[in-house]
Amino acid sequence: CEIGKRAVYSYERLEVASSAKYVAIALDSTIDQTPWWMRGTLVLLSRRAKGFVLHGLPLQTFDLEKTVFAAFRTLQSGTNTGKVVVRVPITKPIAPRGTHLLSGGTGGLGLVTGKWLGTSGAASVVLAARGGK
């Protein structure tokens, strides 16, 4: 099952998925048009998850510093099944210094981020917004 609409019905994708059962579902219209079917599907999936019958998708991991381009090539090829994950190395936190410009800075997240930057040591914080407010 794939959630999304871009290239779902293409012949290439169907050929790649031919070894497995492949069903495309447009959730936005399915929920509206047949809520009874959607409820039944969710109940079935819940039962299978509770009974440990469902298994997670395969996971392919790539290192940010060494193989990030391979991760993008894998996604670009469209032949992957499951999740593609890029691992970010753990680094020591560095205090924000200098001037920081926050685009969209007057919204909720921008204000919280600006406050954090200010209390964490940033010399200046500029909150910018398209509306000028």
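Quick note: structure is the one above.
Report follows, based on the coordinates. Every value quoted in this text rests on a predicted model; they were computed, and no experiment measured them.

## With respect to the side chain of Thr30
Part 1 of the argument: Relative to the helices and strands, Thr30 is located in helix 2 (residues 27-33).
Part 2 of the argument: On the accessibility criterion, Thr30 (14% relative accessible area) is buried.
Part 3 of the argument: Setting aside residues up to four positions removed in sequence, Thr30 forms contacts with Ile25, Pro35, Trp37 and Met38.

## Regarding helix 3 (residues 35-50)
Part 1 of the argument: Its 16 residues give helix 3 an end-to-end C-alpha distance of 22 Å, which sits within 8% of 22 Å, the value for a rise of 1.5 Å per residue.
Part 2 of the argument: Following helix 3 by one or two positions, Phe52 has its phi on the positive side, about 55 degrees.

## Focus on unusual backbone geometry
Part 1 of the argument: Of note, Phe52 is a non-glycine position whose phi angle comes to about 55 degrees, a positive value.
Part 2 of the argument: As for its placement among the helices and strands, Phe52 is situated in the loop between helix 3 and strand 1 (59-63).

## Considering the pairing of strand 1
Part 1 of the argument: Across 5 bridges, the pairing between strand 1 and strand 2 (residues 83-87) is parallel. Counted as the bridge partner of Leu59 is Lys83 from strand 2.
Part 2 of the argument: Chirality of the crossover, the property in question, places the unit of strand 1, helix 4 (residues 64-77) and strand 2 among those that are right-handed.

Basis of the calculations
Residues numbered from 1 in each chain as written. Predicted model: local features only at pLDDT ≥ 70, side-chain atom pairs only at ≥ 80, totals over all residues. Heavy atoms only, no water. Helix = DSSP H or I, 4+ residues; strand = E, 2+ residues; numbered from the N terminus. Buried < 20%, exposed > 50% of the residue type's maximum accessible area, 1.4 Å probe, protein only. Contact = heavy atoms within 4.5 Å. Expected span 1.5 Å × (residues − 1). Pairing = 2+ DSSP bridges. Right-handed = clockwise from strand over helix to strand, strands pointing away.

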